[in-house]
Amino acid sequence: ILFHQSLKLVDIYICQNSYQQQRMKKIFPKKKVLKFYNPIDTSFKKYNFKRSYIAWVGIFQKQKNLSALLSIAIKLSNYKFMVAGEELESIDSETSEILKLIKKLNNVEFVGMLSRDEIFIFLSKAHCLLNTSHYEGFPNTYLEAISVRTPIITRKITDPDNIITNNRLGVCADSFDEIPTLIKNIINKKYNFGDFQHYLQENHDASNLATKLINKIN
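All values derive from a computational prediction rather than experimental measurement.

**Examining the packing of aromatic side chains**
Moving on, step 1. Summed over the entire model, instances satisfying the criterion amount to 8 aromatic pairs.
Moving on, step 2. A centroid spacing of 5.9 Å and a plane angle of 80° characterise the contact between Phe60 and Phe110, whose relative ring orientation is edge-to-face. Highlighted residues: Phe60 in the loop between β3 (53-57) and α3 (66-75) and Phe110 in strand β5 (residues 108-112), separated in sequence by 50 residues.
Moving on, step 3. Note on Phe60: relative accessible area 4%, which makes it buried.
Moving on, step 4. Each member of the aromatic cluster is reached from another via a ring pair, and the members are Trp56, Phe60 and Phe110.
Moving on, step 5. For the cation-ring pair, Lys103 lies above Phe110, with the distance from its terminal atom to the ring centre recorded as 5.6 Å.
Moving on, step 6. Stacked on the ring of Phe49, the Lys or Arg Lys125 has its end atom at 4.8 Å from the ring centre.

Written out as structure tokens, the structure reads:
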């Protein structure tokens, strides 16, 4: 109740994507509702590691859709998957059972929860970052992958504002069934990707975003 009442006292709302912005404008038509993407350190991480696996990052919960990860890893049994994340104490029974099945696969390795510095190295060694979520904003894991030039594989529904597709930062599928083929194509270098660094600097640089925000307020 207090949260909803406090929203009425806000002068400016900042959203992360167009969907959020449109929803907030409907709720508060007389308020100023702006859209700014997540800020991140845009200095590029330069690593020279050989790329050798498919990376998956996230907390083990229902929203992250581990059943899709299980299915894809089974279909790509000749490819190595590395999973970074941890199990919540309140994990649901379905996710818990799926997690047990994934751990039995010979081509999947779990590395636990990684620190911020470790995550960049982890992603820089990956052919791609696989996202299997049922729904997603534009998570920091996307930005961390982009900052080490690691393409993102996900579905179109989890590519808000078509950022990945429009900027060629990875490949988006209509369904999970298409994803194994997309991963093989990435490993076989069948795609030409966009300018990862330019995208970050233009859309996620903290100084640029602060300047834009000040100009919008004024």
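Next comes the rest of the account.
**A short note on the sheet that holds β5**
Moving on, step 1. In space, the 6 strands of this open sheet follow the order β5-β4-β3-β6-β7-β8, with parallel pairing throughout. Each of the sheet's edge strands pairs with one partner strand only, and the pair in question is β5 and β8 (170-173). Pairs of neighbouring strands in the sheet enclose a mean axial angle of 25°, with direction left out of account.
Moving on, step 2. Where strand β6 (residues 126-130) and strand β7 (residues 152-155) come together, 2 bridges link them in parallel fashion. Paired with Leu129 across the bridge in β7 is Ile152.

**Details of the layout of surface pockets**
Moving on, step 1. Here the largest pocket is characterised by a volume of approximately 260 Å³.
Moving on, step 2. What lines the largest pocket is simply Arg51, His127, Arg149, Pro151, Ile186, Ile187, Lys189, Lys190, Tyr191, Phe193 and Phe196.
Moving on, step 3. Its residues assigned to classes, the lining of the largest pocket shows 6 nonpolar, 1 polar and 4 charged.

Parameters and conventions
Residues numbered from 1 in each chain as written. Predicted model: local features only at pLDDT ≥ 70, side-chain atom pairs only at ≥ 80, totals over all residues. Heavy atoms only, no water. Phe/Tyr/Trp six-rings, centres within 6.5 Å; stacked < 30°, edge-to-face > 60°. Helix = DSSP H or I, 4+ residues; strand = E, 2+ residues; numbered from the N terminus. Buried < 20%, exposed > 50% of the residue type's maximum accessible area, 1.4 Å probe, protein only. Lys NZ or Arg CZ within 6 Å of the ring centre and 35° of its normal. Pairing = 2+ DSSP bridges. Axes fitted to C-alpha atoms, helices over the stretch in contact; angles between N-to-C directions. 1 Å grid on protein atoms, 1.4 Å probe; cavity = no way out; pocket = protein on both sides within 12 Å on 5 of 7 lines; lining within 4 Å. Points joined across faces, edges and corners; volume = space filled by probe spheres on them. Nonpolar A, V, L, I, M, F, W, Y, C, P; charged D, E, K, R; others polar.

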